[in-house]
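So you can see what is in the structure, the chains are spelled out below.
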Amino acid sequence: MSGLHVYNTRKRKKELFEPLEAGKVKMYVCGVTVYDYCHLGHARCYVAFDIIHRYLEHLGYRVTYVQNITDLDDKLINRARESDGEKDIKTRVAELAARFTAAYFEDMDRLNILRADLYPTATGNIPRMREIIAGLLEKGVAYRRGGDVYFQVSAFPGYGELSGKNPDDLRAGARVEVDGRKKNPLDFALWKEAAPGEPSWPSPWGEGRPGWHIECSAMSTNLLGATFDIHGGGQDLIFPHHENERAQSMAFTGKPFARYWLHNGFVTINREKMSKSLGNVFNLRDIFKKYKPRVVRFFLLSQHYRSPVDYSGEALDEAGRALFRLDNCYGLARLAGEEIFSLPPDPGVMAGFEEAMNDDFNTAAALAGVYRVVEEFYKNYRKPELPSGLPARLSAVKKICAVLGVDLVDPIHEPAPAGEISDYSALADRLIGGDTLTEDNLRALVSCRELARQNRDWELSDRIRDYLGAKGVSLMDRKGAPTAAVYYPEQLDGE
RNA sequence: GGCGCGGUAGCCAAGUGGUAAGGCGGCGGUCUGCAAAACCGCUAUUCACCGGUUCGAUCCCGGUCCGCGCCUCCA
C-alpha cells in the first residue's frame, strides 16, 4: 500500500493517514493504572503502540508520544487502604503508585519498548481538570448534584459516534446502575464529592476528586492541543472511556479531538478474554521467568495488532523457535562477513516492508518478507560467495527487525581452545559432574570433545554434546573450522 | 436485545475478482562418525455453510450457522 493507511475505529475502516501538521505526529495512548504489576494484555497494547511509534519515526515523522499514568482511582485507593501505616491516604496512594510505576517501566524496558516523550499523571493535572470541568459547567453541558459534577451526554450531539453506539439503544439495553443523582444513566462523573478515607482536592464544587475520563482529556489537550493525530488504547476502552473522553473534550474545546482512533485487540486464553474476573490473567513477570521478553515481543508481533492473540505455552515456544531462525541466520551471516550489516539496506526489501506496514501496520505480512531473505541466505550461505545483492538484503532484514523492536542476537560462538589438557576424559567427567556451565567450562568441554573426536571416542564426544544440549547449548561441527557453540548468553551459568 | 470483529491446512497466520504468502509441527531424503543447524521433497483441488452477481469469487452482495468482544472496572 502506498502511503500509510490506518484503521480508524471512529470510521470503522482504513484510511490514509495524514497528520495535522506535515512531518509531525502527535500521539496519545492510554496508559496503565499503577495499582498492580502489568500483565500480558498490557504488553500487547504497549508493544503494538511501540511498533506504531517506531514505524512512524522510520517513515520520518517527528512523533510526540504522550502516555498517561493513572495514579488515582478506586482500585488504587482500595489497595492503599489495605496497607497499614500512619501516613495519610494521599501519601499511601502516591507511594503505591510510585512503586508500580517503577515496575511498569522495568517491564516495558525488558520488552524493548521505547519511552514515550511524556508520562503525565492524573494527580499532576488536577488544575487542568478543574479548568475543563468549570468550562463544561459554564457551557451548560455539565451539571452539579451536591458535590458531584456530571457530564450531560444528551448535550453532546456526537455522542456514540466513536463506538458506533446509539444512545437510545444503550439506554434500553443497558445494565447501567441507576444512580438517582444523574439526569440520565449515561451521564458520567466529572468530579466526585470527597468520601471519607479517600484522597481529595479542593474545587469550586467542594472537596473531591476527578472522575475517570477527565484525566485523559486534560492531559491530551494540554500537551498535544485540542486536536491531535492519534489516540490509542485497548479495544475495551472504546466504550465508555474513549467515547466519554471525546465527548467532554470536544464539548470543552469546540474543536475536533483525536483524528485517528487506533485500538489493539485482546490477549485471550483458550479463546477467552484474559480478565481478572475469569482468573486467567498472566502476570508479565511470571511469563518472563519462562520466556525471554524478546520472545514475548516476537510472539505479539507475529499477528496483527487488532486481532485477538491467543496465549499458550506452545505458541510462545513456537515464537521462540521462529526467532531463533532469524538469530541463527544473523549469526551465520556475521560469520560470512561482519561488514554485511553495515551495508545500506536493500531498497527493494525495505519497500516490501513498508508496503506491508503501510497497510495498518501488518507486521505478520512484514515478517513474511523477512523470512524470504532468510531463506535465500540459508540456501546459499555454504557457497563460496553469496549471491549478488544478498548482503544488502540481509542488512535490510536487520534494519526491519530493529524497526519492529527486535534486536537480533548472534547465538553462534566459537569458543577459543582451552590450554593444555593432560587428561581430557577425566576433565570432561569432572566438569559434567560439577554441573556448572560457565564460559570457561564450556570452552574446556568443547576442547575435550575435540580431543575425544580425534581419538574417535564417540561415546565421550556424544556425552559431552548431550550434557551441553541439556543446558540449551547445541554444537555445530564444521568441516575445516572449529566446532561452534550455539546458545544465548543467559543460558550459561555465572562465574 | 443493540453494536462490532472473525471463521483459510495438524497448529499459528497473511492474502487477492483469475485460481491459496509465511512460520511452527510432521513425514521422507541430503549433509554428518552420529547429531544439531541448514537444505531438498511431501504435508489445503481448497479458504464455515447456502444462494446471488460475474466469463470467473476464498476474496463482492444477501442469508444461515459458529466463535469472540463491547454495551459494567478492564490494555
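See the structure above.
Keep in mind that what you see is a predicted model, and the values were worked out from it rather than measured. (Residues numbered from 1 in each chain as written. Chains lettered and ligands numbered in written order. Predicted model: local features only at pLDDT ≥ 70, side-chain atom pairs only at ≥ 80, totals over all residues. Heavy atoms only, no water.)

With that settled, consider helix H14 (residues 424-434). Looking only at H14, the buried set comprises Tyr424, Leu427, Ala428, Leu431 and Ile432. Buried residues in H14, looked at end-on, bunch into an arc of 125 degrees, giving them a common side. Every exposed residue of H14 that faces more than 90 degrees away from the buried side is listed here: Arg430 and Gly433. Count one or two residues on from H14 and you reach Asp435, which has phi positive near 55 degrees. (Buried < 20%, exposed > 50% of the residue type's maximum accessible area, 1.4 Å probe, protein only. Helix = DSSP H or I, 4+ residues; strand = E, 2+ residues; numbered from the N terminus. Arc of directions from axis to C-beta.)

So, about the environment of Asp346. Here Asp346 is to be found in the loop between helix H10 (313-336) and helix H11 (347-358). Counting along the chain gives 47 residues from Asp346 to Arg393, while the straight-line C-alpha distance between them is 4.8 Å. Beyond its immediate chain neighbours, meaning those up to four positions away, Asp346 contacts Ala392, Arg393 and Ala396. Within polar-contact distance, the side chain of Asp346 engages the backbone nitrogen of Val349 at 2.9 Å. (Contact = heavy atoms within 4.5 Å. Polar contact = N/O pair within 3.5 Å; in protein donor to acceptor, adjacent residues only side chain to side chain.)

Here we come to the packing of helix H2 (residues 74-82) against helix H3 (residues 89-110). Axis separation between H2 and H3 bottoms out at 9 Å; the angle between their running directions is 105 degrees. In terms of orientation, H2 lies roughly perpendicular with respect to H3. Only Ile89, Arg92, Val93, Leu96, Ala97 and Phe100 of H3 make contact with H2, whose side of the interface consists of Leu76, Ile77, Arg79, Ala80 and Arg81. The residue makeup of the contact of H2 with H3, split by class, is eight nonpolar, no polar and three charged. (Axes fitted to C-alpha atoms, helices over the stretch in contact; angles between N-to-C directions. Parallel < 35°, antiparallel > 145°, perpendicular 65-115°, else oblique. Nonpolar A, V, L, I, M, F, W, Y, C, P; charged D, E, K, R; others polar.)

Counting residues in hydrophobic clusters, the biggest one holds 136 residues, and the most contacted among them are Leu56, Phe151 and Leu394. In terms of residues, this core owes the most to one element, helix H1 (residues 40-58), which gives eleven residues. Domain assignment of the residues forming this core places at least three in each of domain 1 (19-264) and domain 2 (312-409). Apart from residues no more than four positions distant in its own chain, Leu56 is found in contact with Leu4, Phe17, Val25, Met27, Tyr61, Val63 and Ile230. By size, the runner-up hydrophobic cluster in this structure holds 22 residues, among which are Cys448, Val473, Ala485 and Tyr487. (Core = buried A, V, L, I, M, F, W, Y, C linked by side-chain atoms within 4.5 Å. Domains from an automatic or database assignment.)

Attention now goes to the side chain of His39. Along the polypeptide, His39 turns up in the loop between strand S3 (24-29) and H1. Setting aside residues up to four positions removed in sequence, His39 forms contacts with Met274, Val281, Phe282, Asn283 and Leu284.

Let us now look at H11. The end-to-end C-alpha distance of H11, which contains twelve residues, comes to 16 Å, matching closely the 16 Å that a straight helix rising 1.5 Å per residue would cover. In this fold, the buried residues of H11 make contact with strand S1 (5-8), H1, helix H12 (363-380) and helix H13 (390-403). Measuring from the side-chain oxygen of the N-cap residue of H11 to the backbone nitrogen of Gly348 gives 3.0 Å; that N-cap residue is Asp346. (Expected span 1.5 Å × (residues − 1).)

Before going further, it helps to examine unusual backbone geometry. Put simply, Phe239 and Pro240 share a cis peptide bond, and its omega is 0 degrees. Along the chain, Pro240 turns up in helix H7 (residues 238-253). Positive phi values are uncommon outside glycine, yet Arg12 reaches one of about 60 degrees. Here Arg12 lies in the loop between S1 and strand S2 (13-16). Overall, Arg12 belongs to the partly exposed group, its relative accessible area being 42%.

Nothing here speaks to function; it is geometry throughout.
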